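A look at the structure
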Amino acid sequence: MNLTQTGNEPPLDDWARDERAIALFLDFDGTLVEIAPSPADVRLDRRVPAALDRLRGHLSGALALVSGRPISFLDTVLAPYRFDTAALHGADIRCGDEVLTQAAASAEMRQAVRDLVRFANSHVGIIVEDKDLSVALHWRLAPQVHDEALDLMRALAERMGPLVRLQEGKAVAELVPASASKGTAIAQLMQTAPYAGRVPVFIGDDVTDEHGFEAVNALGGLSIRIGDGETLAPLRLPSPTALRAILLNAAETGRLTASSFYQG
Ligand SMILES: O=P(O)(O)OC[C@H]1O[C@H](O[C@H]2O[C@H](CO)[C@@H](O)[C@H](O)[C@H]2O)[C@H](O)[C@@H](O)[C@@H]1O
């Protein structure tokens, strides 16, 4: 069994037998793909998009991506399929053809991007990922710049005021609209067809996913953390590879419930 208990103790045996219809929420980086040296380097197993499409069918449409990436990026890597998506850590939500939530563009965010590009130009290995409504500063390739980069992001977040929050992640910090989180996004989708009435299952790997775990736990669902790190999720899978095996198998068998995550 791949799954381990994390110490947050719901009755695991109950989940292992739970066959209720689920709504599946999936993070992208570190969950569907392994973490790579830079945002552009990720490689998605070519079987995954079609498998997710089949799973979506098995779940009566209740499958969504919940990611820090922009919708445009996820649409591109998962083409030709288009999935319901809560992007930019919940600030931009598309369900079917409908935009449920979209943060406003701001001149302050544009100014922050310019300031970050100037910083990156003077520090080898620093990457600025401009996502239009948000921006990420990456130091995975320049770990020695960690403190300076984080200080700059904190200063920019303070300058931008309460409409923006700092989202820390794996060798990254991001300026994101303060109005949303992965938790609010999942809660919003859970009030919407085809998600409403199902048991939410959210799988992620990072601190940004903890907002989602908290929301799913409060809704009586199952949260699963990929990899190590402190977590509110009661259950853990060791790697994206382990998750991929479960999802590919479920796409084949046509069966995915909370109990499936005990059979990887
Ligand atoms: O919510 P997610 O789908 O997990 O997205 C979170 C951020 O992931 C990406 O950055 C992370 O993955 C990169 C590629 O593996 C890695 O190089 C970087 O160090 C990680 O922080 C992405 O680039 C961000 O936009 C997402 O917000």
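The structure we're discussing is the one just above.
I will try to describe carefully the structure that is included in this document. (Residues numbered from 1 in each chain as written. Predicted model: local features only at pLDDT ≥ 70, side-chain atom pairs only at ≥ 80, totals over all residues.)

1. Some details on the site of the ligand
Under the convention used in this document: Only the C-beta atom matters for nearness: placed from the backbone, it must lie within 6 Å of the molecule or strand for the residue to count as near. A run of H or I in DSSP becomes a helix once it reaches four residues, and a run of E becomes a strand once it reaches two; helices and strands are each numbered from the N terminus. Classes in brief: Ala, Val, Leu, Ile, Met, Phe, Trp, Tyr, Cys and Pro nonpolar; Asp, Glu, Lys and Arg charged; the others, Gly included, polar. What fixes the domain bounds is an automatic or database domain assignment.
The local shell around the ligand holds 24 residues, among which F28, D29, P39, S67 and G68 are the closest. Broken down by secondary-structure element, the contributors of at least two residues to the shell around the ligand are β8 (135-138) and β10 (172-177). Here the residues of the shell around the ligand sort into 9 nonpolar, 7 polar and 8 charged. Two domains share the shell around the ligand, each providing at least three of its residues, namely domain 1 (4-103 + 180-262) and domain 2 (107-177).

2. So, the sheet that holds strand β7 (residues 127-130)
In plain terms, the rule: Between any two strands, pairing holds if DSSP finds at least two bridges. Under this scheme, a helix contributes an axis fitted over its contacting stretch, all axes are lines through C-alpha atoms, and angles between N-to-C directions fall in the 0 to 180 degree range.
Here we have 4 strands laid out as an open sheet, ordered β7-β8-β10-β9, and antiparallel in their pairing. In this open sheet, the two edge strands, each paired with only one partner strand, are β7 and β9 (164-169). Averaged over neighbouring strand pairs, the angle between their axes works out to 20° when direction is ignored. Sheet topology places β7 next to β8; 4 bridges connect them, and they run antiparallel. Residue pairing in the sheet places V128 in a bridge with L137 of β8.

3. Considering the environment of V117
Convention followed: Exposed residues have 12 or fewer other C-beta atoms within 10 Å of their own C-beta, buried residues have 20 or more, and partly exposed residues fall in between, where C-beta atoms are placed from the backbone.
Inspection of the secondary structure assignment puts V117 in helix α4 (residues 107-121). The class of V117 is partly exposed, set by 14 C-beta atoms lying within 10 Å. Distance from V117 to I127, taken between C-alpha atoms, is 8.2 Å for residues 10 residues apart in sequence.

4. Details of helix α7 (residues 207-218)
Where we set the bar: Here the expected span of a helix is defined as 1.5 Å times the quantity of residues minus one. For the purpose of contact definition, each residue receives a C-beta atom placed from its backbone, and two residues are in contact when these atoms lie within 7 Å.
Here α7 is 12 residues long and its end C-alpha atoms lie 17 Å apart, about the 16 Å a rise of 1.5 Å per residue gives. Every buried residue of α7 is accounted for by T208, D209, E210, H211, G212, F213, A215 and V216. Those residues of α7 that are buried lie in contact with β2 (22-26), β3 (63-66), β9, α6 (182-189), β11 (199-204) and β12 (222-226). Where α7 ends, the next residue or the one after it, G220, has phi of about 80°, a positive value.

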